[in-house]
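Per-entry structural report
What follows is the residue order along each chain.
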Amino acid sequence: MRRLKLFAALALAGAAAGACAPHPIVARDPVPAPSPEEAYSCSSTPLPLNAYKSDCTPTVREPRAVLRSKG
């Protein structure tokens, strides 16, 4: 029993030391975010038993107007 507690304490200490690594691993999404030009129009309709049916169609988004002033 004593040996088991020692093993558990060493395992937890090792995990704690690994969590404070100088270069931690950061998970990133492999799918990039959509560009500002991409837009979707979605609608959902309720179904029985708390279910929903959603329908998304791609739409064309107008380019944004950029206002610049000198002054």
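Bear in mind the structure is a predicted one, so any value in this text is a computation, not a measurement. (Residues numbered from 1 in each chain as written. Predicted model: local features only at pLDDT ≥ 70, side-chain atom pairs only at ≥ 80, totals over all residues. Heavy atoms only, no water.)

It is worth spelling out the overall build of the protein chain at this point. Regarding its fold elements, the protein chain presents 1 helix and 2 strands. The helix and strand sequence of the protein chain, counted from the amino end, reads α-β-β. Across the 71 residues that make up the protein chain, the buried fraction comes to 1%. Roughly 7,600 Å² of accessible area belongs to the protein chain as shown, and the carbon and sulfur atoms make up 62% of that amount. (Helix = DSSP H or I, 4+ residues; strand = E, 2+ residues; numbered from the N terminus. Buried < 20%, exposed > 50% of the residue type's maximum accessible area, 1.4 Å probe, protein only. Areas by Shrake-Rupley, 256 points an atom, 1.4 Å probe, with all protein chains shown as cover.)

Turning to the state of the cysteines, a few remarks are in order. Taken as a whole and judged by the stated rule, the model has 1 disulfide. The partner cysteine of Cys42 in its disulfide is Cys56, sulfur to sulfur 2.1 Å. Judged by the sign of its S-S torsion, about 115°, the cystine formed by Cys42 and Cys56 is right-handed. Taken together, the positions of Cys42 in strand β1 (residues 38-47) and Cys56 in strand β2 (residues 51-60) put the pair 14 residues apart, joining distant regions of the chain. By relative accessible area, Cys56 is classed as partly exposed at 43%. (Disulfide = S-S within 2.5 Å.)

To continue, consider the pairing of β1. Pairing geometry for β1 and β2, over 10 bridges, is antiparallel. Its bridge partner being in β2, Leu47 is matched across the sheet by Ala51. Adjacent in sequence and paired antiparallel, β1 and β2 are bridged by 3 residues, among which Leu49 carries a positive phi angle near 65°. (Pairing = 2+ DSSP bridges.)

This part takes up the environment of Pro36. With respect to the helices, strands and loops of the structure, Pro36 is situated in the loop between α1 (2-19) and β1. Separated by 26 residues in the primary sequence, Pro36 and Glu62 place their C-alpha atoms 10.0 Å from one another.

This paragraph deals with unusual backbone geometry. Phi at Leu49 takes a positive value of approximately 65°, unusual for a residue other than glycine. Of note, Leu49 is situated in the loop between β1 and β2. Residues other than glycine seldom take positive phi values, yet Asn50 does so here, at roughly 60°. Accessibility expressed as a relative area gives 77% for Asn50, which makes it exposed.

So far we have only geometry, and geometry alone does not tell us how the molecule works.
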